[in-house]
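One letter stands for each residue in the lines below.
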Amino acid sequence: MSTRLTMKSLVTPLAYDRKAVTPGIVHLGIGAFHRAHMAVYVDDILATDPSWGIIGASLRRPDTKDALAPQDFLYTLAIRDAAGTRARVIGSILDVLDANTQRKELIVTLADPRIRIVSLTVTEKGYCHDPATGNLDQRHPDIIADLANPHAPISAPGLLVRALELRRQAGNAPFTVLSCDNLPSNGKTVARIVTQFARLRDPALADWIAEHVAFPCSMVDRIVPATTDADRDIVRDLTGVEDAWPIMTEPFTQWVIEDHFPQGRPAFETVGAQLVEEVEAFELMKLRMLNGSHSTMSYIGYLGGCQFVSEAVADPGIRQLIHGLMTNEVMPTLPMDRKDLEAYRDALLARFANPALKHRTWQIAMDGSQKLPQRLLGTIRDRLAAGQSIQRLALGVAAWMRYVTGIDEKGEPIDVKDPHAARLRAIADAAGRDAEKLADGLLGLPEIFGTDLPGNAAFRAAVTGHLAALFRDGALATAKAVA
């Protein structure tokens, strides 16, 4: 019978004395991705510098805290590929705070001078911004609530601003804000959102943030499927340890960081991260090639009956489509060496095909209204401006439109997870299977498509044509035809 995961039951001891670790980072949005990525880099550093322990914060649900607290916030990282599964224990997370019940404690922790970095993986929707413009959404209910009650904020921008306000009042240096989310120029985007929110509260505070707070850009890359009960069984059988929330991931990991940390940082470069002056080129490459391909595959694959990404990319039509999307439509928009991009494309296709990584198409399909502007629409705008074809990219948009109707190709309901799910479904219900009506309705959402794309005849025609084919012929046949 297995035991609970505690310091006494580690399969392999940590390389450092965990009792000597002190907090230096607060991470907002402590989900699976953070625990497979940044927390691992930090774990590798603690043996030489124990001052960078992580205090996590769950902003919406206490699931992570509830799962990890009984096991001293230790967890198993299981790296899987065709060769098998390799496990290690991660101890860099010292505590997890539930913002719903420990908001005051979280704000006090954020204001603690020992905290020199506040990092975030709150997903695109967690920034309470307009993805089409990158500006703060002043109509967002969480922003409205935080402006009405600024001392007890619930949003990520509100928490950051309140903690920075307390630091300023106490005469303490501000922390560095490090976004690890898939946003274009994520540091600059978060700086804009936070400063805009602060200006609504106190212009002097906004000026202080603009002058003193660093918001480095970063690009993070690792595929992290949602953990299942079957995964827990695998970890238990492999380690002899009962882990309530292990993390399953792939061998590949990448982190490119703009080296701008006025209050200091861990020596990330010693554990495999790339510290650079400019991140945007790497970020754009990942957003457009990996994330754009992922989203396109997820909608087409889900509609075509593929539960996992590896199943989707095994379909010859989808594989050819994604290869062509990256090679012919995405790569020409990127300011990088062609051979490097070709190598990255081939590595992505191999990663997508990893049979041991059970990455669900449904999981990737979540929050599409927030993801499309970054993953597909920016590339489409660049291609249209250059007078170039967008056929494969437009199919990704059309597949999203077909997906958010909420009914799959067998007539079964789709559990569409999206901040605008109700609006999307209302538009879809009004349009039925009329591709032109559905495209008109969804393109009328400026927070997704802006005001330029709906008026572009080439874009509208491509999307509407593909949408009609998806209704008529199905996802797999349409992917094959477009590929």
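Residues numbered from 1 in each chain as written. Predicted model: local features only at pLDDT ≥ 70, side-chain atom pairs only at ≥ 80, totals over all residues. Heavy atoms only, no water.

> Before we move on, could you go through the overall build of the protein chain and cite the residues and values that matter?
Check the secondary structure of the protein chain and you find 21 helices and 15 strands. The C-alpha atoms of the protein chain give 22 Å as radius of gyration, which agrees with the globular expectation for 483 residues (23 Å, within 12%). For the protein chain, the spread of C-alpha atoms along the three principal axes comes to 60 × 60 × 45 Å. Across the 483 residues that make up the protein chain, the buried fraction comes to 57%. Here the protein chain displays about 18500 Å² of accessible surface, and carbon together with sulfur accounts for 52% of that area. A distance of 2 Å separates the average location of the 52 positive side-chain charges in the protein chain from that of its 58 negative side-chain charges. (Helix = DSSP H or I, 4+ residues; strand = E, 2+ residues; numbered from the N terminus. Rg over C-alpha atoms; globule rule 2.2 N^0.38 Å. Buried < 20%, exposed > 50% of the residue type's maximum accessible area, 1.4 Å probe, protein only. Areas by Shrake-Rupley, 256 points an atom, 1.4 Å probe, with all protein chains shown as cover. Lys, Arg positive; Asp, Glu negative; His and termini not counted. Charge placed at Lys NZ, Arg CZ, Asp CG, Glu CD.)

> Could you give an account of helix α4 (residues 103-111), with specific residues and numbers?
The set of residues buried in α4 consists of R103, L106, I107, T109, L110 and A111. Here the buried face of α4 lies against β2 (23-28), β3 (53-58), β6 (93-98), β7 (117-120) and α6 (156-170). (Contact = heavy atoms within 4.5 Å.)

> Can you break down the pattern of salt bridges residue by residue, with the values?
Per the counting criterion, the structure on display carries 31 salt bridges. The residue R80 makes a salt bridge to D231 at a minimum N-O spacing of 3.6 Å. Residue R80 is located in strand β4 (residues 75-81), and its partner D231 is located in helix α9 (residues 229-239); the two are separated by 151 residues in the primary sequence. The class of D231 is buried, set by a relative accessible area of 7%. One salt bridge connects D229 with R232, and the closest N-O pair in it is separated by 3.1 Å. Taken as a pair, D229 and R232 lie in helix α9 at a separation of 3 residues, close to a single helical turn. For D229, a relative accessible area of 57% translates into the label exposed. R232 sits in the partly exposed class, given a relative accessible area of 22%. Several salt bridges share partner residues, and in doing so they unite D43, D44 and R88 into one network. (Salt bridge = Lys/Arg side-chain N within 4 Å of Asp/Glu carboxyl O.)

> Requested: an account of the packing of aromatic side chains, with residues and values cited.
Counted by the stated rule, this structure contains 6 aromatic pairs. Between Y41 and W255, the aromatic rings sit 5.1 Å apart at their centres with planes inclined by 65°, giving edge-to-face as the arrangement. Note that Y41 is positioned in helix α2 (residues 38-45) and W255 in strand β14 (residues 254-258), a separation of 214 residues in sequence. The exposure classification of Y41 matches that of W255, with both residues buried. Considering the side-chain rings of W255 and F268, the 4.7 Å spacing of their centres and the 55° angle between planes classify their relative orientation as tilted. Residue W255 is found in strand β14, and its partner F268 is found in the loop between β14 and β15 (274-276); the two are separated by 13 residues along the sequence. The pair W255 / F268 is uniform in exposure class, with both members buried. Taken together, the aromatic side chains of Y41, W255 and F268 make up a single cluster linked through ring pairs. When the ring centre of W52 is taken as reference, the NZ or CZ atom of R116 above it lies at 3.8 Å. (Phe/Tyr/Trp six-rings, centres within 6.5 Å; stacked < 30°, edge-to-face > 60°. Lys NZ or Arg CZ within 6 Å of the ring centre and 35° of its normal.)

> A description of the environment of E436 should follow, citing residues and the corresponding values.
Here E436 is to be found in helix α18 (residues 435-443). A sequence separation of 28 residues divides E436 from T464, and the C-alpha atoms of the two residues are 5.8 Å apart.

> Before we move on, can you summarise the pairing of strand β11 (residues 218-221) with the specific residues and values?
Regular strands have side chains that alternate between both faces of the sheet. Of the two faces of β11, the one holding S218 and V220 and the one holding M219 and D221 are both buried throughout. Inspection of the sheet shows β11 paired to β14 by 4 bridges, in the antiparallel sense. The residue of β14 that forms the bridge with M219 is V256. (Pairing = 2+ DSSP bridges.)

> Tell me about the side chain of D243, residues and numbers included.
Among the secondary structure elements, D243 is positioned in the loop between β12 (241-242) and β13 (247-249). Buried D243, no salt bridge; nearest opposite-charge side chain is R35, N-O distance 6.0 Å.

> Give me the lowdown on the sheet that holds β7, citing residues and values where you can.
As summarised here, the arrangement of the 5 strands in space is β6-β3-β2-β7-β10, forming an open sheet in which the pairing is parallel. Lying at the two open borders of the sheet, with one neighbouring strand each, are β6 and β10 (176-179). In this sheet, adjacent strand axes meet at a mean angle of 25° when their direction is disregarded. Here 4 bridges tie β7 to β10, and the two strands are oriented parallel to one another. (Axes fitted to C-alpha atoms, helices over the stretch in contact; angles between N-to-C directions.)

> Lay out the environment of L334 with the relevant residues and their values.
Relative to the assigned elements, L334 resides in the loop between α12 (316-330) and α13 (338-352). Exposure remark for L334: the relative accessible area of 7% places this residue in the buried category. L334 sits 45 residues away from M289 along the chain, and the two C-alpha atoms are 9.6 Å apart. Discounting chain neighbours no more than four positions away, the residues touching L334 are L284, M285, R288, M289 and L341.

> Please give an account of the sheet that holds β4 that cites residues and values.
Here 3 strands make up an open sheet; going across it, the order is β5-β4-β13 and the pairing mixed. For this open sheet the edge positions go to β5 (84-90) and β13, each flanked by a neighbour on one side alone. Geometrically, the sheet is characterised by an average inter-axis angle of 25° between neighbouring strands, direction not taken into account. Judged from the 3 bridges that link them, β4 and β13 form a sheet pairing that is parallel. Counterpart to A78 in the pairing with β13 is M248. Docked against the sheet, α2 engages β4 and β5, running at close to 65° with respect to β5. This element, α9, spans β4, β5 and β13 of the sheet and lies at about 100° to β4.

> Lay out the packing of α6 against helix α8 (residues 203-212) with the relevant residues and their values.
Packing of α6 against α8 leaves a shortest axis separation of 11 Å and a crossing angle of 90°. It follows that α6 is roughly perpendicular to α8 by the angle criterion. Side by side, α6 and α8 meet where V161, L164, E165 and R168 of the first sit next to A204, L205, W208 and I209 of the second. A per-class count over the contact of α6 with α8 returns 6 nonpolar, no polar and 2 charged. (Parallel < 35°, antiparallel > 145°, perpendicular 65-115°, else oblique. Nonpolar A, V, L, I, M, F, W, Y, C, P; charged D, E, K, R; others polar.)

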